[in-house]
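Each chain, letter by letter, is given below.
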Amino acid sequence: MAAFWSVKRSDTTSHVGSGALALAVVGLAVVPQVWNASVVQQLTTLLILVMLAAMWNALSGYAGLVSVGQQSFIGFGAYTTIFLTQQGVAPYLAVALAPLAAAGLAICLAPLVLRLRGGQFAVGTWVVAEAIALMVMLDHGLGGGTGVSLRGLNVLPSHIRRAYTYWLALAFVVLLLGLLFLLLRSRSGAALQAIRDDEHAAASVGVRTAPLKLAIYVLAGFGCGAAGALTLANTLFIQPRSIFGVHWSAFMIFMVLVGGLGTFEGPIVGAVVFFAIQNWFSDGGPWYLIGLGAVAVAFALFLPRGLWSVVSQGRQIQLLPVGYHLSRRPTP
Amino acid sequence: MTWANAIIQGVLLGGLYALFACGLSLMFGVMRIINLAHGDLAVLGAFVVWLIATQGHVSPFIATVACLPLMILIGYGLQRTLLSRSLRSGELTPLLTTFGLAIVVQNALLQVFSADVRGLGGLSGLLAVDGWRLGDQLAVPYLGVTILAVAVAVLGGLQLVLQRTAFGREMRATAQDPEAAALVGIPASQVYARATAIAVATAAIAGAFLAIHSTFDPSSGPTQLIFAFEAVVIGGLGSLWGTLAGGVTLGVAQTIGAVIDPQYSILAGHLVFLIVLAGPRGWLVFSRRPRAWQPSGR
Amino acid sequence: MTELLNVRNLTARHGQLPAVREVSLTIGRGEVLALVGANGAGKSTLLRAIAGVHPIGGGTVHFDGSDITRLPADRRVAAGIALVPEGRRLFPEMTVEENLRVARSRPGGWELEMVLEAFPMLRQALRRRASTLSGGEQQSTAIARALLTNPRLLLIDEVSLGLSPVATEAVYKSLDRLIRAGTTLVLVEQDLGRAMSVADRIVCLRDGRVALTAHAGAVTREEVTEAYFGLGKPTAVRS
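Please read all numbers here as calculations on a predicted model, not as lab measurements. (Residues numbered from 1 in each chain as written. Chains lettered and ligands numbered in written order. Predicted model: local features only at pLDDT ≥ 70, side-chain atom pairs only at ≥ 80, totals over all residues. Heavy atoms only, no water.)

### Some words on the overall build of chain A
Inclusion rule: In this text, helices come from DSSP runs of H or I with a minimum length of four residues, and strands from runs of E with a minimum of two, each type numbered from the N-terminal end. Burial classes: relative accessible area under 20% of the type maximum marks a residue as buried, over 50% as exposed, and values in between as partly exposed (1.4 Å probe, protein chains only). Only the protein chains shown count as cover for residues, and all accessible areas are computed by the Shrake-Rupley method using a 1.4 Å probe.
Within chain A, the regular secondary structure consists of 15 helices and 4 strands. Burial status across chain A gives 55% buried among its 332 residues. Carbon and sulfur atoms form 68% of the exposed surface of chain A, whose accessible area is close to 13700 Å².

Below, the structure is given as C-alpha cells:
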C-alpha cells in the first residue's frame, strides 16, 4: 500500500560517474606529455569552452539570469592580465590573478544589474559589456582599438608554454566545476533550483534569493574572467572588438542549450559538441552561424533540457551527485 | 554655437532612436518579452527598402511605405510560429529564441547581401542633405526634422489607437491580465500577433530611416537594439511618450559626448543609461515587477 | 429541462496534486446551481476548468451537445460560457466603462445600458479606474462584464466573498433579475443559507469529489454541512 520514499543524493551511476570523472581529469592532465603542441592548444580551447558553458549555465540554468553580457568578464580578465604584466607581474601569475579582478568587477556591477529581470538583465548586461569595451578602447596604454599582445610568454618554447597554459586551464576547470558542485551540494543548491523554477514562489516560502544570485553572479564573473585570461594566454593577442564581442554569449547559449540547461553535465556535453562543430564547420562563414542560431532556437523550443536529457532520460544518470532523487522502497 | 548645434542634432537623432524603441516597448508592454532580434529585424527592413528603392527605382520614402505590408506579415508570422511557442515554455525561452533568431537573421543578411556598407541617402534627394541654415555653425537638417516628425506621428498614432479603439482596448486588457482577457473572449495569441506585426513594421520604418540618415550593413542590428533598449529604459518602462523622451535624451547625450571627443559619443549614451539604472528611478522601475503597460497621460 | 452543460469524469491538477477528481455534473437550461464546499475542495478549479483557463487532466466537457474539452477559453466565451473569476480580475488600469466595453459580445440581449439598469451602482462609477472601486462595485463590474459577453451559462466564483452585507444584498438583487430572466447560473457561495435559498440544486465538493448532489428543497442544512465536512455516512447522493 503505502510506499516509503527515501531521498538519495547519489547512486551507483553517480559513484561510477564521479570515479570516471576523476580518471578523466588524470587522463587530461597527461595530455601534454603525449600529444603535440597544436593538439594541446586545441584542447585548451575546449577547456575554456567548458568553463564558459558551465558559468553561463550556472547563471541561467540555476539562477534564472539570462545574460548576453558575460563577455564583460571575458574581456576584463584578458585586459587585466595585460595590465598586470605591464606592471611587471609574471604572465602566468597575472593569468591566475585576473579572474579575481573579474570577480571584483562582478561584485561592483551586481547592485546595478541584479535588480534587472528577464530581458532587462539580458540587454542591461550587454550594454555594460559595450561600455567597458569602449572604455578599454579609449586607453592607448592597453593598445586602444587595434589590440595588444601578451608579452613575456613568447620567451618560453612554444610546447612548454602551451603545456603550462593547458594545465592552468585544466586547473581552472576543476576549480570552477568544484566550486559549482559545492554550491549545488550545499543547502543553497535546492534553493537555487527553486529560484530557477519559480523565483516568486521561492521567495514566498522564505528562500532568500538575493545572496544566492549574487554568489552565482560573482562565480560566473570569476569563471568568465579566467576564460578570458586563458584565451589571451592561449592566443597571445587580443582585440577589444573580439574579446568583448557578443558572439561569446551566442556560443555560451548554444553550448548550454544543446547540452542541457540546468543540468550539471549538460554544459560539458554542449562544449564538446560545439568544439567539434567549430572545428568542422567554422569555414562555412555565415551558414555556420545561421546553423548555430537555428539549432539553438530548435533546442530552446523542442528540447529545452538538451542532449543530456536524452542521454539520461528515465535513468537519472548523474556523473556527479548534485541533485536529489526520490526512490521508492518497500514498506518495512 | 557648437553646443546648441549638438543639442539640436541630438534631439533630431533622438527621433530615430524613439522609432527604434517604439516596437521594442510595445512588445515588452503587451507580451513582457524583450525581442533580442528587434534590431536585426529593423535592418532586414532596411534591406527590403533598399531592394525596392534600387530595383524599382522609387524614392526610399515610397519604398518604406511599400515594404510595410511585407513586414507586418513577417511580424504576424513570427508571433504565430516561433514566439507563441516560446511564450508557452516559460520566461527565459523567448529570450533564447529571439537571440537565436537575431543570429540567423543577421547572418542570412550577410550571406545574401555581403558585408558591404550601404546607404539610401544618395537616393533620397535634397531632403537627405539640405536643411535650414540658422547661422554659420547652426543648421537644422530637413531629414532630421522629418524623422522626428515621423517618430511623433508613429508614437502618437499608436497611442491614439491604444486609447480610442476597441483593438487598442483589447491590447491593453491582454497586457494587464491575459487570462482575464481570455475570459471575456479576447484571444491572447491574436492580440500578440497584431502587436508583433506593428512592432516589426515600426522597426522597418526605423531601419529605413537609419539607411537614409547614415549607413547600414548586416551587422548593424545589435547596436540599434541596444540604443532602442536604452531609450526605453531612460524614458521609463511602460510609456510611449516616455520612450520619445528617452530617445531624445540618448540622442543628446551622444551628440554632446561627440562634441567633447567623437570617441565619447556612444559611451556617453551608455553612461546616461547606466546612471538612470543606478539612480532612484532605476530602483523604482525595477525593484518590483513592472506595472502592466499603459499609454501615458492617465 | 434540457441539458446545457455535461461534465464527465473531469480531473484537474495543481502541479502534481489533483484538485478535481473525476467529477461528473450536468446542468440544465435555466437551472441555478450552487457549488459549495470547504476551502481547497476544488470549487474554483472546477469552474476554471469549465471556463477553459485551467488545464483539464482527464474527462470531457460538453456544452450544448458539442465537445469543448480542448477549446481555449476565448472560444468557450464565443460559445456562450462566461466566468466571473475568483478575485474578480478586473483590468485595474482601465475605467469601469472600458472594462465593460472590452468584452467581446456574442449576439444577444445584453447591452451596456441594460447592465447599468441591472447594476445601478455602476452608473456613477463609469469613469473611475477599476483599481479604485469598492468590493461591491468590483464584483458588480465583473458580473456585468461577464454578462456583456452574452453568456448562455454564467459561472460566478465567490459571489459574496469580501462584500459588505449591503453590497451582497445589492449583488443578489441583481442576480435575482438574471435568474428570473432564465439565465443558467452556477454560483460558488460560502454562505450556505444564501446558496440554498437562491439555487435550484446544491452540489457539495469535498477533496475534489462530489460529496452531495441534492435539490435545494429536498435537503436540510445539516445534511449539506455533513457532506461539507465529511461527517456522517460516506458520500450521500440524493437527487
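Following the structure, the description resumes.
### Remarks on the side chain of Arg-88 of chain C
All names here are of chain C. Threshold: Counted as positive: Lys and Arg. Counted as negative: Asp and Glu. His and the chain ends are not counted at all. Salt bridges are counted wherever a side-chain nitrogen of Lys or Arg sits within 4 Å of a carboxyl oxygen of Asp or Glu. Think of a polar contact as two N or O atoms within 3.5 Å of one another; within protein, one of them needs to be a possible hydrogen donor and the other a possible acceptor, and neighboring residues in sequence only count if both atoms come from side chains. Contacts between residues were defined by any pair of non-hydrogen atoms, one from each residue, lying within 4.5 Å.
Within the fold, Arg-88 resides in the loop between strand E6 (81-84) and helix H3 (96-101). Nearest to the buried, unbridged Arg-88 among oppositely charged side chains is Glu-158, at 8.3 Å. For Arg-88, the side chain forms a polar contact with the main-chain oxygen of Leu-161, separated by 2.7 Å. For Arg-88, the contacting residues outside a window of four places in its chain are Gly-135, Gln-138, Gln-139, Ala-142, Arg-145, Leu-161 and Leu-163.

### With respect to the interface of chain A and chain B
The condition is simple: Put simply, buried area is how much 1.4 Å-probe accessible surface two parts lose in total, over both of them, once they are put together.
Tallying the contact residues gives 40 residues for chain A and 41 residues for chain B. It is Arg-115, Gln-120 and Leu-301 of chain A that lose the most area in chain A upon contact with chain B, and together they represent 19% of the buried surface on that side. Where chain A meets chain B, there are 0 salt bridges. Joining chain A to chain B, the criterion identifies 2 residue pairs in polar contact (both at pLDDT 80 or more). Looking at the side of chain A that touches chain B, the elements with two or more residues in it are helix H3 (37-62), helix H5 (91-113), helix H6 (118-138), helix H12 (247-259) and helix H14 (286-302) of chain A. Sort the elements by how many residues they give to the side of chain A that touches chain B and H6 of chain A lands first, with 15 residues.

### Here's the deal with the packing of H3 of chain A against H12 of chain A
All names here are of chain A. Just so we agree on the cut-off: All axes are obtained by fitting lines to C-alpha atoms, using only the stretch in contact for helices, and the reported angles, taken between N-to-C directions, cover 0 to 180 degrees. For classification, angles of less than 35 degrees are called roughly parallel, those exceeding 145 degrees roughly antiparallel, those between 65 and 115 degrees roughly perpendicular, and all remaining angles oblique. Charged residues are taken to be Asp, Glu, Lys and Arg, nonpolar residues to be Ala, Val, Leu, Ile, Met, Phe, Trp, Tyr, Cys and Pro, and polar residues to be all remaining types, Gly included.
Two elements in contact, H3 and H12, have axes separated by 9 Å at closest approach and are oriented at 80°. In terms of orientation, H3 and H12 fall into the roughly perpendicular class. Listed contacts from H12 to Leu-49, Leu-52, Ala-53, Trp-56 and Asn-57 of H3 are Trp-248, Met-252, Ile-253, Met-255 and Val-256. For the contact of H3 with H12, a count of residues per class yields 9 nonpolar, 1 polar and no charged.

### What about the sheet that holds strand E9 (residues 201-206) of chain C?
Adjacent strands of a sheet pair through backbone hydrogen bonds, lying either parallel or antiparallel. All names here are of chain C. In plain terms, the rule: Strands qualify as paired when DSSP identifies two bridges or more between them.
With respect to topology, 6 strands assemble into an open sheet ordered E6-E7-E8-E3-E9-E10, the strand pairing being mixed. One side of each edge strand has no neighbouring strand; the edge strands of this open sheet are E6 and strand E10 (209-215). Neighbouring strand axes in the sheet, compared pairwise and without regard to direction, differ in orientation by 15° on average. Sheet analysis places E9 next to E10, joined by 6 bridges and oriented antiparallel. The residue of E10 that forms the bridge with Cys-204 is Leu-212. Across the sheet, helix H5 (residues 135-147) touches E6 and strand E7 (153-156), and the angle it forms with E6 is around 170°. On top of the sheet, helix H6 (residues 165-180) reaches strand E3 (32-36), E7 and strand E8 (184-188); it is set at about 150° to E8, its chief contact.

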